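Letter by letter, the chains look like this.
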Amino acid sequence: MDKLYIIAPAYNEAENIEKLVDDWYPVIAKHHGDGQSRLVIVNDGSKDNTYELICSCAKTRPLLQPLTKTNGGHGSALLYGYRYAIEHQADYIFQTDSDGQTNPAEFGQFWDCRKEYDAVIGARPDRQDGKARKFVEDVLVFLLRIIFGVKLPDSNAPFRLMKRELLEKYIDQLPSDFNLPNVMLTTYFAYFHEPMKFIEISFRPRQGGTNSIHLKKIIKIGWKALADFRMLRKRIQDEKKA
């Protein structure tokens, strides 16, 4: 059976983390890969008891794997989880976030496409997490079209299924501290014409707690990402010339 790793980063998600496990553990149990699949929650140096709650949940859920690391931001936690899944030879790697905005009932249609596409990525036509975040995503896809020439309906949706070989192919192209790995991975997949499909998903408001990434922080991340985009574009061009 196919070995699936679901990766979910978490930072100060004590209000949401048990609901995340309740929602997503049945998915990994259904697609258990002869007991080798895992729901991997990466605690990114939370200041609350998020990690303790994950470990408590894991006592009765053998397919739940708690991980913890020093705080490095959402992108750092994603890359940490992705590399863990690659290291453990997952056949497929799925990513979602831990704030309850995604719906596990929509996973099945992604899984059904796994043989036909190397990446199946969510598109959020109706984001319910505020106009500011929708504006930021619109700016992102505009910049990616200008800089890389790719047209994307959504670049950063935290609902994506990827074959390990595809992720392994591109993950080392990213700086170790890259804040927006999902954005750049989607861009690479499109730029190099990898077999990829977008499927529309629902996207709810945050279900509890406070979002640690506020507008001021988003703008700061955006400025750094712009410089990174230009650097990565130049790297691609240099590799083509070589």
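Quick look at the structure, then. None of these values were measured; they are calculated from a predicted model.

Comments concerning the pairing of strand β5 (residues 119-123)
- Within β5, five of the five residues are buried, which leaves it mostly tucked inside the rest of the structure.
- The two faces of β5 match: Ala119, Ile121 and Ala123 on one face and Val120 and Gly122 on the other face are all buried.
- Bridge count between β5 and strand β6 (residues 159-163): three bridges; the pairing is antiparallel. Within β6, the position partnered with alanine 119 by the bridge is methionine 162.
- Pairing geometry for β5 and strand β7 (residues 196-200), over five bridges, is parallel. Paired with alanine 119 across the strands is methionine 196, a residue of β7.

Some remarks on the environment of serine 46
- Turning to its location among the elements, serine 46 is positioned in the loop between β2 (38-44) and α2 (50-58).
- The sequence separation of serine 46 and cysteine 57 amounts to eleven residues, and the corresponding C-alpha distance is 17 Å.
- In terms of polar contacts, serine 46 uses its side chain to reach the side chain of asparagine 43, at 2.6 Å.

Digging into the nonpolar core
- Core analysis: the largest hydrophobic core is formed by 44 residues, its most contacted members being Tyr82, Phe148, Phe189 and Phe229.
- Mapped onto this core, the elements with two or more residues apiece are β1 (4-10), β2, α3 (74-87), β5, α5 (131-148), α6 (164-170), α7 (181-191) and α8 (215-241).
- In this view, phenylalanine 189 contacts Ala119, Ile121, Met162, Leu166, Tyr170, Glu194 and Met196; residues no more than four positions away in its chain are not counted.
- Residues Ala8, Ile17, Phe110 and Phe159 belong to the second largest nonpolar core, which totals 29 residues.

Quick notes on the rules
Residues numbered from 1 in each chain as written. Predicted model: local features only at pLDDT ≥ 70, side-chain atom pairs only at ≥ 80, totals over all residues. Heavy atoms only, no water. Buried < 20%, exposed > 50% of the residue type's maximum accessible area, 1.4 Å probe, protein only. Helix = DSSP H or I, 4+ residues; strand = E, 2+ residues; numbered from the N terminus. Pairing = 2+ DSSP bridges. Polar contact = N/O pair within 3.5 Å; in protein donor to acceptor, adjacent residues only side chain to side chain. Core = buried A, V, L, I, M, F, W, Y, C linked by side-chain atoms within 4.5 Å. Contact = heavy atoms within 4.5 Å.

Keep in mind that these numbers describe shape and distance, not what the molecule does.
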